[in-house]
Amino acid sequence: MLYIYSTNTQWHIECCTNLTGDGANILSIMEEVRALHIPVALHLGECREETEEQQLRELTLIQPQRIGHGVFLCDKAKEYIFSKRLPIEMCLSSAVWAHMCDSAGEHPALALLKEGYPVVVCTDDPLIFRTTHTQESELAMQVLGYSLDQMKELHEKALLYKF
């Protein structure tokens, strides 16, 4: 299923599909997206059941500019992502609500952030998870023990990875 919509200044394309097959069902769409130079955030590592083969296939097929979630990444997917310095979209509330993590403090992107890896505080389906970017930022600030100045710096760095 393909959704195309706009918000004030940006066009968004959401491709919702099950890539447990060979991914052929979205290959032509992704080729067009790449030809138009439309940046892509790939939700990857959202569930334990994702296989190494599936994750690598999605990474090479879709060639994203950012990774959503990244909680359950296999080692080879991490290697691919880290080699390209693809930022991780850290969605703390949804990770807890969707049972990816028992608590916000267990999200693996927190350790990456502390190591200086590019991590962006995000919401994931804010209406479903009943959160806002402000609430996600407050939660990240609490979990990380950051000051307001540190959070400001984190958000300023995130601007480097915006679409």
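Everything in this summary refers to the structure shown in the same document. Predicted, not measured: the structure shown is a model, and the values here were computed from it. Every chain is numbered independently, its residues counted from 1 as its sequence is written. Predicted model: local features are reported for residues with pLDDT of at least 70 only, side-chain atom pairs are reported and counted for 80 or more only, and whole-chain, interface and lining totals are derived from all residues. With hydrogens and water set aside, each side-chain value is computed from the structure's full complement of heavy atoms.

Topic: the pairing of strand E3 (residues 41-44)
Each residue gets one of three labels from its accessible area relative to the maximum for its type: buried under 20%, exposed over 50%, partly exposed in between, using a 1.4 Å probe on protein chains only. Numbering of helices and strands runs from the N terminus; a helix is a DSSP stretch of H or I covering at least four residues, while a strand is a stretch of E covering at least two. Here E3 shows one buried face, formed by Leu42 and Leu44, and one open face, formed by Ala41 and His43. Judged from the four bridges that link them, E3 and strand E4 (residues 66-69) form a sheet pairing that is parallel. Within the sheet, the bridge partner assigned to Leu42 lies in E4 and is Ile67. By definition, the crossover connecting two strands over a helix is right-handed if that path, from the first strand to the second, turns clockwise as seen with the strands pointing away from the viewer. As a crossover connection, the stretch from E3 through helix H2 (residues 52-62) into E4 is right-handed. Here a strand pair is declared whenever DSSP counts at least two bridges between the two strands.

Some words on the packing of H2 against helix H3 (residues 75-83)
For every element, the axis is a line fit to its C-alpha atoms; helices are fit only across the contacting stretch, and the angle between N-to-C directions ranges from 0 to 180 degrees. Relative orientation of the contacting elements H2 and H3 amounts to 20°, with a least axis distance of 8 Å. Taken together, the axes of H2 and H3 are roughly parallel relative to one another. Crossing of H2 against H3: the hand is left-handed. Mapping the contact onto sequence places Glu52, Gln55, Leu56, Leu59 and Thr60 in H2 and Lys76, Ala77, Tyr80 and Ile81 in H3. Three residue categories are used. Nonpolar comprises Ala, Val, Leu, Ile, Met, Phe, Trp, Tyr, Cys and Pro, charged comprises Asp, Glu, Lys and Arg, and polar comprises the others, including Gly. Partitioning the contact of H2 with H3 into residue classes produces five nonpolar, two polar and two charged. The labels follow the angle: roughly parallel below 35 degrees, roughly antiparallel above 145, roughly perpendicular from 65 to 115, and oblique for the rest. Here is the rule for handedness: rotate from the far helix to the near one, and if that takes an anticlockwise turn smaller than a right angle the crossing is left-handed, while a clockwise turn gives right-handed. Contacts are assigned to residue pairs with any non-hydrogen atoms lying within 4.5 Å of each other.

Quick word on the pattern of salt bridges
Salt bridges, as used here, are contacts in which a Lys or Arg side-chain nitrogen is within 4 Å of a carboxyl oxygen on Asp or Glu. Taken as a whole and assessed by the stated rule, the structure comprises five salt bridges. Between Lys76 and Glu52 there is a salt bridge, with the nearest N and O atoms lying 3.9 Å from each other. One end of the pair, Lys76, is in helix H3; the other, Glu52, is in helix H2, with 24 residues separating them in the sequence.

Topic: the sheet that holds E3
Within the open sheet, the four strands sit side by side as E3-E4-E5-E6. Their pairing is parallel. At either margin of the open sheet sits one strand with a lone partner, and together these are E3 and strand E6 (119-121). Across this sheet, the average inter-strand angle for adjacent strands is 35°, counted without regard to direction.

A closer look at H2
Residues that lie three or four places apart on an α-helix share one face, since the helix turns once every 3.6 residues. For H2, the set of buried residues is Gln54, Gln55, Arg57, Glu58, Leu59, Leu61 and Ile62. Backbone geometry just downstream of H2 places Gln63 in the positive-phi region, at approximately 50°.

A closer look at the nonpolar core
Counting 31 residues, the largest nonpolar core has Leu59, Ile67, Ile81, Ile88 and Met90 as the members making the most contacts within it. For this core, the element with the most residues is helix H5 (residues 108-114), which contributes four residues. Contacts of Leu59, omitting those with residues within four sequence positions, involve Leu42, Leu44, Pro64, Ile67, Ala77, Tyr80 and Ile81. The next biggest cluster of nonpolar side chains, apart from the first, holds five residues, and it includes Val71, Phe72, Ala95 and Cys101. Throughout this description, the term nonpolar core refers to a set of buried Ala, Val, Leu, Ile, Met, Phe, Trp, Tyr and Cys residues connected via side-chain atoms within 4.5 Å.

Regarding the packing of aromatic side chains
Aromatic rings from Phe, Tyr and Trp, with only the six-membered ring used for Trp, were paired whenever their centres fell within 6.5 Å, and each pair was classed as stacked if the ring planes differed by under 30 degrees, edge-to-face if by over 60, and tilted otherwise. Considering all chains together, one arrives at one aromatic pair under this definition. Two thresholds decide whether a charge sits over a ring: the Lys NZ or Arg CZ must be within 6 Å of the ring centre and within 35 degrees of the ring normal. Across the ring face of Tyr80, the terminal group of Lys84 is positioned such that the distance to the ring centre comes to 5.1 Å.

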